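Summary of the model geometry
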Amino acid sequence: MKTLKFLSLTLLFASAVMNAQKNYPVETLVTKDGKQINITLFKHASLAIEYDGEEIYIDPVTKVADTDIDYSTMPKADYILVTHEHWDHLDPKAIEELSKPSTQIILNATSEKQLGKGTIIGNWQEMNLADGIKLEAVPAYNTTPGREKFHPKGNGNGYILTIDGTRIYIAGDTEDIPEMSQIKDIDLAFLPVNQPYTMTIDQAEKAALTIKPKMLIPYHFGDTPVAQLKERLDKENSGIQVLLFPME
């Protein structure tokens, strides 16, 4: 397993760094070659990853519940990744605001049909985005009886970005599916904790112990008390560093 270097315990575990443009939290990782990966956490499932001048946005939306997200001072996107077509993940207005002529939009087939543009990627497909950046799409779906309708198997994606050897898993809307046993060597994982649409705390705990990321950030969690997930993993001496952000 590749060794992930961290800038500092204070930076990564206290998470005091904020995006100077809009005061959004930022996590910064350092790759094996000493380059920075800056991850901006907007809200809910909306993230941005900057590496070596490349700007990648995941599920950008302009509004979550009563929270507006303003991208007007953010860099334009080189790549926009969409996990699936629900309104809190696919927002044409946000995509338009972040796009430039060369922006590549990469998304599942249902999102492409709804948006009317973009490059389709399906479960277990891969592509290279830029030098040192590889994208893998992995399954994301519901398994609890009666809840399969929310996220049917084979439709949505989770994404793994391998950036200069550092692996970041963005799970999308999913429960603790069997395919997670095939997701290996993850440095940072984003797991959703919001039943009935995604995972319960029990399921997220199981998923974390299956994937065994070095670091975990719960996201897309609504009113779920995700501090309980951190307490459980700490109590089990899992070795997983759980960072908590306002990603309701």
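In what follows, the accompanying structure is described. Every chain is numbered independently, its residues counted from 1 as its sequence is written. Only residues with pLDDT of at least 70 get local features here, since the model is predicted, and only at 80 or more are side-chain atom pairs given and counted; chain-wide, interface and lining totals rely on the full set of residues. Hydrogens and waters are ignored; side-chain quantities use all the structure's heavy atoms.

Two aromatic rings, drawn from Phe, Tyr or Trp (for Trp, its six-membered ring), form a pair once their centres lie within 6.5 Å of each other, and the interplanar angle then sorts them: stacked below 30 degrees, edge-to-face above 60, tilted otherwise. All chains considered together, the criterion is met by six aromatic pairs. Ring geometry for F42 against Y71: centres 5.2 Å apart, planes inclined by 70 degrees, an arrangement best described as edge-to-face. Note that F42 is positioned in strand β3 (residues 36-43) and Y71 in the loop between β7 (67-68) and β8 (79-82), a separation of 29 residues in sequence. Here the two residues F42 and Y71 agree in accessibility, since each one is buried. Summarising the aromatic geometry, the rings of F150 and Y197 are spaced 4.8 Å apart at their centres and angled 65 degrees between planes, so their arrangement reads as edge-to-face. Here a helix means four or more residues in a row that DSSP labels H or I, a strand means two or more in a row labelled E, and each is numbered from the N terminus. Think of it in three bands: with a 1.4 Å probe and only protein chains considered, a residue is buried below 20% of the maximum accessible area for its type, exposed above 50%, and partly exposed in between.

Okay, the sheet that holds strand β13 (residues 156-163) next. In this analysis, strands are considered paired if DSSP registers two or more bridges between them. Taking strand neighbours across the sheet as the criterion, the seven strands line up as β11-β12-β13-β14-β15-β16-β17 in an open arrangement whose pairing is mixed. Edge positions in the sheet fall to β11 (126-130) and β17 (241-242), since each of these pairs with one other strand and no more. Against the sheet, helix α4 (residues 201-211) touches β14 (166-170), β15 (188-192) and β16 (215-219), its axis set at about 160 degrees to β15. Only heavy atoms enter the contact rule, under which two residues are in contact if any of them lie within 4.5 Å. Working convention: axes come from line fits to C-alpha atoms, limited for helices to the stretch in contact. Angles between N-to-C directions cover 0 to 180 degrees.

This part takes up the side chain of N38. Within the element layout of this structure, N38 appears in strand β3. Take N38: its relative accessible area is 19%, and that puts it in the buried class. Here a polar contact means two N or O atoms within 3.5 Å. Within protein one must be a hydrogen donor candidate and the other an acceptor candidate, and residues neighboring in sequence count only if both atoms are side-chain atoms. In this structure the side chain of N38 is engaged in a polar contact, spanning 2.9 Å, whose partner is the side chain of T28. Residue contacts for N38: discarding those within four places in its chain leaves V26, E27, T28, A48, I49 and E50.

Residue Q195 is joined to P196 through a cis peptide bond whose omega torsion reads 10 degrees. On the secondary structure map, P196 appears in the loop between β15 and α4. For A65, which is not glycine, the phi dihedral falls at a positive 55 degrees. Residue position: A65 is located in the loop between β6 (63-64) and β7. Overall, A65 belongs to the exposed group, its relative accessible area being 58%. You will see that N237, though not glycine, has its phi angle at about 50 degrees, which is positive. Note on placement: N237 falls in the loop between α5 (227-235) and β17.

Space inside the largest pocket adds up to approximately 160 Å³. H44, V64, A65, H86, W87, D88, H151, D173, N194, Y197 and H220 together form the lining of the largest pocket. Residues are said to line a cavity or pocket when one of their atoms sits within 4 Å of a point; the points come from a 1 Å grid over protein atoms alone, cavities being sets where a 1.4 Å probe fits but cannot get out and pockets being open sets with protein on both sides within 12 Å along at least five of seven lines. Grid points are joined across faces, edges and corners, and a volume is the space filled by probe spheres set on the points.

Taken N-terminus to C-terminus, the directions of α4 and α5 make an angle of 45 degrees; their axes are 10 Å apart at the nearest point. In terms of orientation, α4 and α5 fall into the oblique class. Note on packing geometry: the crossing formed by α4 with α5 is right-handed. Residues I201, D202, A204, E205, A208 and L209 of α4 lie in contact with α5, whose contacting residues are Q228, L229, R232 and L233. Geometric relationships in this document are graded by angle, where less than 35 degrees denotes roughly parallel, more than 145 denotes roughly antiparallel, 65 to 115 denotes roughly perpendicular, and other angles denote oblique. Whether a crossing is left-handed or right-handed is set by the direction in which the near helix is turned from the far one by less than a right angle, anticlockwise for left-handed and clockwise for right-handed.

Counting buried positions over the eight residues of β3 gives seven, a clear majority of the element. One ladder, built from five bridges, connects strand β2 (residues 26-30) with β3; its direction is antiparallel. Its bridge partner being in β3, T28 is matched across the sheet by N38. Between β2 and β3, which pair antiparallel and follow one another directly, the connecting turn spans five residues, one of which, G34, has a positive phi of 80 degrees. Note: β3 against strand β4 (residues 46-51), six bridges, orientation antiparallel. Bridged to N38 within β4 is E50. Between β3 and β4, which pair antiparallel in sequence order, lie two residues; one of them, H44, sits at a positive phi of approximately 60 degrees.

Take it as geometry only, folks, not as evidence of what the structure does.
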